[in-house]
Amino acid sequence: MGALSLYEHLSPAEFVEKRDADESWQLLDVREPWEIEIVSAPDSIKIPLSEVAERHAELDPNRPIAVLCHAGGRSARVAEYLASLGFTQVANIVGGIDAWSQEVDNSLPRY
């Protein structure tokens with residue numbers, strides 16, 4: 001039997017649907033500043049992966065949070081980390097900003 005995931009997996013479109021229904025969702029972008037200069041999701045909190053451990057107090061553990069990166073790998077690690085800290089509603093955005101630009105807003109540049 002596989003390990004139980006501590007967070008949910010959402011496509012970018014599923015996340016936008018959830019956020020539209022419940023505006024309390026936080027969107028954490030863990031990409032590097034140079035990546036965010038290329039493209040950024042609206043209303044995201046920008047904390048690079050290397051700074052999450054020291055800056056996680058900037059996030060509200062009582063509100064749902066979704067984590068975003070370029071393709072979904074870094075964000076999955078951060079989602080697991082936040083869940084281990086006691087964040088109760090955590091999601092990883094599968095496919096990251098790359099999938100976001102295809103599913104949600106195709107005017108966003110891809111890299």
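Quick note: structure is the one above.
In this report, we go over the structure that sits alongside the text.

Cut-offs used in this document
Residues numbered from 1 in each chain as written. Predicted model: local features only at pLDDT ≥ 70, side-chain atom pairs only at ≥ 80, totals over all residues. Heavy atoms only, no water. Helix = DSSP H or I, 4+ residues; strand = E, 2+ residues; numbered from the N terminus. Rg over C-alpha atoms; globule rule 2.2 N^0.38 Å. Buried < 20%, exposed > 50% of the residue type's maximum accessible area, 1.4 Å probe, protein only. Areas by Shrake-Rupley, 256 points an atom, 1.4 Å probe, with all protein chains shown as cover. Lys, Arg positive; Asp, Glu negative; His and termini not counted. Charge placed at Lys NZ, Arg CZ, Asp CG, Glu CD. Arc of directions from axis to C-beta. Contact = heavy atoms within 4.5 Å. Core = buried A, V, L, I, M, F, W, Y, C linked by side-chain atoms within 4.5 Å. Pairing = 2+ DSSP bridges. Axes fitted to C-alpha atoms, helices over the stretch in contact; angles between N-to-C directions. Parallel < 35°, antiparallel > 145°, perpendicular 65-115°, else oblique. Nonpolar A, V, L, I, M, F, W, Y, C, P; charged D, E, K, R; others polar.

1. Notes on the overall build of the protein chain
Then step 1. In terms of regular secondary structure, the protein chain is built from five helices and five strands.
Then step 2. Going from N to C terminus, the protein chain has its helices and strands arranged as β-α-β-α-β-α-β-α-β-α.
Then step 3. Over its C-alpha atoms the protein chain spans a radius of gyration of 13 Å, differing by no more than 12% from the 13 Å that the globule rule assigns to 111 residues.
Then step 4. Seen along its three principal axes, the alpha-carbon backbone of the protein chain occupies a region of about 35 × 30 × 30 Å.
Then step 5. Sorting the 111 residues of the protein chain into buried and exposed places 44% on the buried side.
Then step 6. A total accessible area of about 6,000 Å² is found for the protein chain, and carbon and sulfur atoms account for 50% of it.
Then step 7. Of the side-chain charges in the protein chain, 9 are positive and 19 negative, and the distance between the mean point of each set is 3 Å.

2. Side note on helix H1 (residues 12-21)
Then step 1. Burial in H1 covers these residues: Pro12, Phe15, Val16 and Arg19. Looking down the long axis of H1, one finds its buried residues gathered within 100° of arc, a one-sided arrangement. Summarising the geometry of H1, the exposed residues directed more than 90 degrees from the buried face are Glu17 and Ala21.
Then step 2. Buried-residue contacts for H1 involve strand E1 (8-10), strand E2 (26-29), strand E4 (65-68), strand E5 (90-93) and helix H5 (96-103).

3. Side note on the nonpolar core
Then step 1. Membership of the largest hydrophobic core comes to 16 residues, with the highest contact counts inside it found for Leu28, Leu82 and Val90.
Then step 2. Looking at which element gives the most residues to this core, the answer is helix H4 (residues 73-84), with five residues.
Then step 3. Those residues in contact with valine 90, other than ones at most four positions away along the chain, are Tyr7, Glu8, Ile65, Ala79, Leu82 and Ala83.
Then step 4. Ala41, Ala91, Ile93 and Trp100 belong to the second-largest nonpolar core, a separate cluster that totals 14 residues.

4. Observations regarding the environment of arginine 77
Then step 1. The residue arginine 77 is located in helix H4 in this model.
Then step 2. Of the residues examined, arginine 77 reaches a relative accessible area of 53% and is grouped as exposed.
Then step 3. Sequence separation between arginine 77 and valine 30 is 47 residues; the distance between their C-alpha atoms is 10 Å.

5. A few points about the sheet that holds E1
Then step 1. If you trace the five strands from one edge of the open sheet to the other, you get E1-E5-E4-E2-E3, paired in parallel fashion. One side of each edge strand has no neighbouring strand; the edge strands of this open sheet are E1 and strand E3 (45-46).
Then step 2. Here E4 runs beside E5; their pairing, made up of three bridges, is parallel. Looking across to E5, one finds that isoleucine 65 is bridged to valine 90.
Then step 3. Across the face of the sheet, H4 comes into contact with E2, E4 and E5 while running at roughly 175° to E5.

6. Some points on the packing of H1 against H5
Then step 1. Across the interface, H1 lies against H5 with an axial gap of 8 Å and an inter-helix angle of 75°. Judged by the inter-axis angle, H1 sits roughly perpendicular to H5. Contacts from Pro12, Ala13, Phe15, Val16 and Arg19 in H1 reach Gly96, Ala99, Trp100 and Glu103 in H5.
Then step 2. Here the contact of H1 with H5 is built from residues that sort into six nonpolar, one polar and two charged.

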